[in-house]
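# An overview of the molecular structure
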Amino acid sequence: MKLRTILASLAVALLGSAQAQPRDDVLLQMQDAFRRNDSARLAQLLPQAQGHVLEPWAAYWEMRSRLESAPPAEIQQVLARLAGTYQEDRLRNDWLLLLGERREWATFAQEYPKYRMNDDRQVRCYALLVEAQADPIAIPAAAEEVKRLWLSQRDDDDGCTLAAASLLGKGGGRGVEAADAWRKARQSVEANRMRAAAAALEMVKPEALPLLQQLNASPIRFLTSKVFAASRARQEMVGLALIKMATADPEQAASQLENKWGPQLRPEERDWIWGVIGRQAAQRLQPEANGYFSKVERDKHLSDEHLAWKVRAALRAPQGMDWRNVREAIAAMSDEAQAEPAWVYWKARALFAASGPSEAHRAEAGKLLASIASPRGFYEQLALEDLGQKITVPARPATLTDAEKQAARQNPGLNRALYAIAIGLRPEGVREWNYSTNLHQRGGMGERDLLAAAQYACDREVWDRCINTSERTKTEFDVDQRFPMPFREQVVRRAREIELDPAYVYGLIRQESRFVTDARSHVGASGLMQVMPATARWTARKLGMEGFRPAQLNERDTNIAIGTGYLKLVLDDFGGSMPMAAAAYNAGPSRPRTWRNGPTLEGAAWAENVPFTETRDYVKKVLSNTTFYAAILTGQPQSLKARLGVVGPRESTQPSPNAELP
C-alpha cells in the first residue's frame with residue numbers, strides 16, 4: 001500500500017494529475033530487452049510506454065539500441081523529444097562517442113556545445129582535439145589538458161589516445177611530449193594495462209612493440225638478453241622490464257636495479273623504478289619498503305600514487321615512524337594530492353614530530369590541522385582530536401522553507417529517479433538522481449537545493465540518495481540527513497542483546513548498504529549488512545538459528561540478526577579491535593590476521609596501510625561513521641582515536657576464539 005501511494009504521488013508530481021498511465025511492467029520489460037540488446041522487442045514495446053512517467057527511459061533505450069545505424073535526423077528528433085532530461089544528455093554522450101570513433105568531426109562540433117554533463121573523459125579528449133584542429137592558437141591549452149586527462153586514466157581509450165598522439169610535440173612544451181609517452185608506458189605496465197602501454201609506445205617507438213611483448217612474457221629473460229642500455233629507447237625498455245618484474249617480485253627487481261641496471265639508467269627512470277619497487281613492497285607490507293623508497297634521489301620523479309605509498313611505508317617503518325620520509329613525500333605531491341585530508345593530516349603530524357620542532361613548524365602544523373578539522377570524515381575527526389577537541393554533533397542548518405521543499409518535490413528529474421527506484425529500476429534511478437543534483441546545471445545544485453533534494457529522498461525513505469546528496473554540501477551539515485537511523489528499535493535492541501555497540505553497527509550499515517534493504521553487491525552479498533550466503537549459513541549455525549535459508553537475508557530482521565552476530569564474532573576474534581574487525585568484515589578475517597603482523601602501530605597508521613584500496617577506505621569510513629553515530633546516540637563528545645586504539649601482532653598466548661571464521 002505504501003509503495004502504491006508513493007508511486008501515485010510521484011506520478012501526480014510528474015503528470016500534474018492522477019490520470020491513468022501505462023503499466024510499470026512495460027518499463028521493466030524494456031529494461032530487460034535493453035540489457036539483452038533486443039532492439040526488435042524494444043521497438044515493439046515503445047508505443048506501450050507512451051504517457052508513462054518514465055517514457056524518457058523508454059525512448060532512450062530504444063534509440064540507444066540502434067544508435068549505430070540510425071540516421072542523424074532521427075537521432076536529432078529523439079533528442080528534441082527528450083529535451084532537458086537526463087536521457088537527452090545520456091543519448092548525446094553516447095552519440096558523441098560514436099561520432100568521435102567515426103571521426104565525424106563536423107557533426108561532433110555541432111553537438112558538443114549542447115552536451116551538459118561534460119563528465120566523460122573520452123568525449124572531452126575528442127572535443128579538445130576538434131578545438132585544436134580548428135584553432136592553432138588553442139593548441140597549447142588543449143594539449144596541456146589532453147596530457148592531464150591521458151596520464152590520469154588507467155585504461156586505453158580511443159579519444160584520449162588519439163588526442164595525445166595527434167598533439168604530440170605540438171603544445172610548445174605544455175602538452176604531450178615524448179617523455180610523457182614513456183611515462184604513460186611505465187604507468188600502464190605497472191598497472192598491467194599492456195594495451196595502453198602499447199598505444200603509448202607506438203607514439204614514440206613503434207618498432208619496440210615486439211620488445212614490449214617479450215618483456216611482458218618474461219622480464220627476467222628479457223633482461224638477461226640485454227647487456228647494455230645505451231640508447232634512450234633501450235633504457236626505457238629495460239625500465240619497463242624492471243617495472244614488470246617488480247609487480248611480481250620487488251626483491252628481485254631491486255637486486256637487478258642495484259647490482260646491474262641502475263648505473264645505466266637516467267636518474268628519472270631509476271627513481272621511478274625504485275618508486276614502483278617501494279610501492280609493491282609496501283602493498284605487501286614488507287619491512288624493506290621504506291628502505292626502497294629511501295633510495296629515491298628526487299621524489300619529484302615519482303607519481304602521486306608512489307608518494308602516497310612512500311608515506312604509508314614510512315608510517316610502518318620497522319624502527320618507528322620515519323617522519324622525514326613522510327614530510328619529503330608529501331612535499332613532492334601535486335597540489336591536488338597535498339590538499340587531500342589524509343596528507344594534510346600526516347604532514348601536520350610530521351611537522352610536530354620533527355626533531356625539536358620550531359615554533360614555525362608548530363604554527364604551520366596547527367594551521368594545517370585547523371584547515372580540515374571537522375566531524376565530516378576520518379582525518380577531519382582526527383584533526384579535531386589533535387587540536388584538543390572531541391567529536392560532537394554540529395548545529396543543524398536553518399529549517400527548509402516550504403518553497404525550497406516544493407521546488408524539490410516538483411523537480412521532474414528527481415521525481416523520475418524516485419519513481420524508477422520504487423519500481424525496481426534502481427541503477428537508472430540513481431543515475432538520473434545524480435545527474436539532476438550534480439550535473440544538470442553547471443556546478444550542480446546549490447547547498448539549500450541539495451538539502452531540499454536530500455530531504456525529499458529522506459521523506460521517501462530512499463536513504464542512499466538522502467545521505468549521498470546531503471554529503472555534497474560544503475558548509476551546511478544536516479545530521480539527520482547524513483546520519484539517519486532507520487530501524488532504530490531493531491538495530492539498537494539486537495546490538496545490545498549481544499553486547500555490541502549500536503553505533504558500530506550503524507557505522508557499518510551506513511557504509512555497506514546506505515540502508516537499502518534489498519541491496520545486492522556484485523559478489524552476491526545481500527541486504528542491509530551485505531552478508532554473503534556462505535557466511536550467513538556459517539553464522540546461523542554458530543548462533544543456533546534453526547532452519548535458516550539464504551533467501552531470508554532479504555528479510556530485514558534476519559539480515560540484522562545474522563550481520564550483527566557475525567560482526568560480534570569477528571570483533572571478539574580480534575580482541576575488540578574495531579579497525580581490524582571492520583577490515584575482516586569487508587575483506588575476510590584471514591587478511592587482517594596477516595595485516596596485523598609487523599610493528600605495533602597506532603590505529604590510524606594501521607588503517608592507512610591496509611593494502612586494498614576498497615578496504616582501506618571502508619575501515620576509515622566505518623570508524624568515522626561509528627564515532628559520529630555514538631555522538632548522536634549518547635549525546636556526549638566522542639573520540640575516534642579511542643576506537644582506533646593500536647594494532648599489532650596477536651600475542652602467542654592469545655589464541656583465536658573463532659579461528660574458523662569464514
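As a starting point, this report considers the structure included with it.

Note on placement: Thr 469 falls in helix α29 (residues 463-470). When its relative accessible area of 2% is taken as the criterion, Thr 469 is described as buried. Only 2.7 Å separates the side chain of Thr 469 from the side chain of Trp 433, close enough to count as a polar contact. A polar contact of 2.6 Å, which involves the side chain of Thr 469, links it to the backbone oxygen of Arg 465. Not counting residues within four places of it along the chain, the set of residues in contact with Thr 469 comprises Trp 433, Thr 437, Leu 450, Ala 453 and Ala 454.

This part covers the nonpolar core. Counting residues in hydrophobic clusters, the biggest one holds 208 residues, and the most contacted among them are Phe 108 and Trp 346. A per-element tally of this core places helix α15 (residues 232-248) first, with nine residues. For Phe 108, the contacting residues outside a window of four places in its chain are Leu 96, Leu 99, Gly 100, Val 123, Tyr 126, Ala 127 and Val 130.

Next up on the list: the environment of Glu 177. Take Glu 177: it is sitting in the loop between α10 (158-166) and α11 (178-190). For Glu 177, a relative accessible area of 27% puts it in the partly exposed group. Through-space distance from the C-alpha of Glu 177 to that of Glu 269 is 16 Å; in sequence the pair is 92 residues apart. Not counting residues within four places of it along the chain, the set of residues in contact with Glu 177 comprises Leu 168 and Gly 169. Only 3.5 Å separates the side chain of Glu 177 from the backbone nitrogen of Gly 173, close enough to count as a polar contact.

The next point concerns the packing of helix α22 (residues 341-353) against helix α24 (residues 378-386). Contact pair α22 / α24: the axes reach a minimum separation of 9 Å and the direction vectors enclose 25 degrees. Considering their axes alone, α22 and α24 lie roughly parallel with respect to each other. Taken as a pair, α22 and α24 cross one another with a handedness that is left-handed. Here Pro 341, Ala 342, Tyr 345, Trp 346 and Arg 349 of α22 come into contact with α24, specifically with Tyr 379, Glu 380, Leu 382, Ala 383 and Asp 386. Of the residues belonging to the contact of α22 with α24, the class tally is seven nonpolar, no polar and three charged.

Moving on, we get to unusual backbone geometry. Positive phi, normally seen in glycine, also occurs at Asn 37, with a value near 60 degrees. Of note in this structure, Asn 192 is not a glycine but carries a positive phi near 60 degrees. Mapped onto the secondary structure, Asn 192 falls in the loop between α11 and α12 (194-204).

This part takes up the pattern of salt bridges. Inspection of every chain in the model, using the stated rule, returns 54 salt bridges. Between Arg 195 and Asp 156 there is a salt bridge whose closest N-O contact spans 3.6 Å. Residue Arg 195 is found in helix α12, and its partner Asp 156 is found in the loop between α9 (139-152) and α10; the two are separated by 39 residues along the sequence. Judged by relative accessible area, which is 61%, Arg 195 ranks as exposed. Note that Glu 489 and Arg 493 form a salt bridge whose closest N and O atoms lie 3.5 Å from each other. Highlighted residues: Glu 489 and Arg 493, both in helix α31 (residues 488-497), separated by four residues, approximately one helical turn. Each member of the salt-bridge network shares a partner with another, and the members are Arg 186, Arg 232, Glu 236, Arg 266, Glu 268 and Glu 269.

Analysis parameters
Residues numbered from 1 in each chain as written. Predicted model: local features only at pLDDT ≥ 70, side-chain atom pairs only at ≥ 80, totals over all residues. Heavy atoms only, no water. Helix = DSSP H or I, 4+ residues; strand = E, 2+ residues; numbered from the N terminus. Buried < 20%, exposed > 50% of the residue type's maximum accessible area, 1.4 Å probe, protein only. Polar contact = N/O pair within 3.5 Å; in protein donor to acceptor, adjacent residues only side chain to side chain. Contact = heavy atoms within 4.5 Å. Core = buried A, V, L, I, M, F, W, Y, C linked by side-chain atoms within 4.5 Å. Axes fitted to C-alpha atoms, helices over the stretch in contact; angles between N-to-C directions. Parallel < 35°, antiparallel > 145°, perpendicular 65-115°, else oblique. Left-handed = near helix turned anticlockwise from the far one by under 90°. Nonpolar A, V, L, I, M, F, W, Y, C, P; charged D, E, K, R; others polar. Salt bridge = Lys/Arg side-chain N within 4 Å of Asp/Glu carboxyl O.

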